[in-house]
Amino acid sequence: KLSDEQLLGAISAAEAGAIGAVRGEISSDRAEATDRYLGKPYGNEKPGRSAVVSRDVADVVEGVLANVVKPFIAGDQVVQFTPRGPEDEAAAQQESDYVNFVALERNNGFQVLTSGIKDALLLRNGYIKAGWRVRTDVMREAYDGLSEDEVAIIVADPAVEVVEHAEYPDPAMPMLPPMGQMMPGQMPPMPMLHDLRLRRKTATEYVELYAVPPDEMLVSERATSPSLQ
């Protein structure tokens, strides 16, 4: 069993020797490719001579990028599940619809694909990661003319925060007789209406897709396959 110090040492050694390390050859090539894409000066310019920098790298990357991305987004599906038999057709269609919804609508599928493919064209590798996202959305709601019972139901929800509250007599109720004309012991009813302005917190959970910068990914020098096994 390795101690914490031995484990950290092994991780540091693997990180230092990994493909894509900060000081490795690939990182230098990626930095050079990025400079050429951005049209930065080479640094060896001489006074009195042309300092024009060719933007061929940017032109080629952008041109190829459009052709590579198009097959993924030209239709309304980026993935399709194929049923193995007639009994699987309904489930396969449902799975296809859901995955395409998550990829294209819940996430910005166009932007994610563009970023990953562009990284692959310019920096040799492109990575897209899928993770489980838990997000809290805050919705503003307004209610007017609520009864006492309706207010009680709404504020009983722990996800609700009341921001504004106003109450007033119900104008639809008949006028009460003067106090001197009421029977002894009779209490005047006081029906009230309520206006509420509130914030409701809703937890949203879904699969999040995003492109990972290649310089944040390291590949073991012993790796022979992209498989996780």
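Residues numbered from 1 in each chain as written. Predicted model: local features only at pLDDT ≥ 70, side-chain atom pairs only at ≥ 80, totals over all residues. Heavy atoms only, no water.

A. Summary view of the overall build of the protein chain. A count of helical and extended segments in the protein chain gives six helices and three strands. Buried residues in the protein chain amount to 21% of all 229 residues. Total accessible area on the protein chain stands at roughly 17200 Å², and carbon and sulfur atoms take up 56% of it. (Helix = DSSP H or I, 4+ residues; strand = E, 2+ residues; numbered from the N terminus. Buried < 20%, exposed > 50% of the residue type's maximum accessible area, 1.4 Å probe, protein only. Areas by Shrake-Rupley, 256 points an atom, 1.4 Å probe, with all protein chains shown as cover.)

B. Looking closely at helix H4 (residues 89–106). Under the 1.5 Å per step criterion, the end-to-end length of H4 is 24 Å for 18 residues, consistent within 8% with the ideal 26 Å. Listing the buried residues of H4 in full gives Ala92, Ser96, Asn100, Val102 and Ala103. (Expected span 1.5 Å × (residues − 1).)

C. The arrangement of the packing of aromatic side chains in detail. Scanning the model with the defined rule gives zero aromatic pairs in all. The aromatic ring of Tyr42 is capped on one face by Arg36, whose charged end is 3.9 Å from the ring centroid. The ring of Tyr206 carries Arg106 above its face, with NZ or CZ at 4.8 Å from the centroid. (Phe/Tyr/Trp six-rings, centres within 6.5 Å; stacked < 30°, edge-to-face > 60°. Lys NZ or Arg CZ within 6 Å of the ring centre and 35° of its normal.)

D. Quick peek at the pattern of salt bridges. Counted by the stated rule, this structure contains 10 salt bridges. A salt bridge links Glu32 to Arg36; its shortest N-O distance comes to 2.6 Å. In this pair, Glu32 and Arg36 are both assigned in helix H2 (residues 25–38), four residues apart and thus about one turn of the helix distant. On the accessibility criterion, Arg36 (10% relative accessible area) is buried. The closest approach of N and O atoms between Arg200 and Glu141, which form a salt bridge, is 2.8 Å. Here Arg200, found in strand E3 (residues 192–212), pairs with Glu141, found in strand E1 (residues 127–146); they are 59 residues apart in sequence, far enough to count as distant. One continuous salt-bridge network, built from bridges that share partners, spans Glu141, Asp157 and Arg200. (Salt bridge = Lys/Arg side-chain N within 4 Å of Asp/Glu carboxyl O.)

E. View of a negative patch on the surface. Residues Glu148, Asp149, Glu150 and Glu167 make up a contiguous surface patch of negative charge. Element by element, the count of residues in the negative patch is highest for helix H6 (residues 148–155), at three residues. Secondary-structure assignment places Glu167 in strand E2 (residues 160–169). For Glu167, a relative accessible area of 48% puts it in the partly exposed group. (Patch = residues over 30% accessible without salt bridge, like charges linked within 9 Å, V, L, I, M, F, W, Y side chains within 5 Å. Lys, Arg positive; Asp, Glu negative; His and termini not counted. Charge placed at Lys NZ, Arg CZ, Asp CG, Glu CD.)

F. Local environment of the packing of H2 against helix H5 (residues 109–123). In the contact formed by H2 and H5, the axes pass within 9 Å of each other and the chain directions differ by 105°. As far as their axial angle goes, H5 and H2 are roughly perpendicular. Facing H2, whose interface residues are Arg30, Ala33, Thr34 and Tyr37, H5 presents Lys118, Leu122 and Leu123. Looking at side-chain class alone, the contact of H2 with H5 contains four nonpolar, one polar and two charged residues. (Axes fitted to C-alpha atoms, helices over the stretch in contact; angles between N-to-C directions. Parallel < 35°, antiparallel > 145°, perpendicular 65-115°, else oblique. Contact = heavy atoms within 4.5 Å. Nonpolar A, V, L, I, M, F, W, Y, C, P; charged D, E, K, R; others polar.)

G. Representation of the sheet that holds E1 in the model. Read from one edge of the open sheet, three strands run E1-E3-E2, paired in antiparallel fashion. Edge positions in the sheet fall to E1 and E2, since each of these pairs with one other strand and no more. Mean inter-strand twist for the sheet, computed between neighbouring axes without regard to direction, equals 15°. Pairing between E2 and E3: nine bridges, direction antiparallel. Across the sheet, residue Val160 finds its bridge partner in E3, namely Arg200. Across the sheet, H5 touches E1 and E3, and the angle it forms with E3 is around 25°. (Pairing = 2+ DSSP bridges.)

H. Layout of the environment of Leu209. Mapping Leu209 onto the fold places it in strand E3. For the pair formed by Leu209 and Asn108, sequence separation is 101 residues and the distance between their alpha carbons is 8.2 Å. Beyond its immediate sequence surroundings of up to four residues, Leu209 is in contact with Ala103, Asn107, Val112, Lys129 and Ala130.

I. Geometry of the packing of helix H3 (residues 56–73) against H5. At a minimum axis distance of 9 Å, the contact between H3 and H5 shows a crossing angle of 135°. Viewed along their axes, H3 and H5 adopt a mutual orientation that is oblique. Relative to H5, H3 is oriented so that their crossing is right-handed. On H5, the residues that touch Val57, Val61, Glu62, Val64, Leu65, Val68, Val69, Phe72 and Ile73 of H3 are Phe110, Leu113, Thr114, Ile117, Lys118, Leu121 and Leu122. Considering only residue class, the contact of H3 with H5 consists of 13 nonpolar, one polar and two charged. (Left-handed = near helix turned anticlockwise from the far one by under 90°.)

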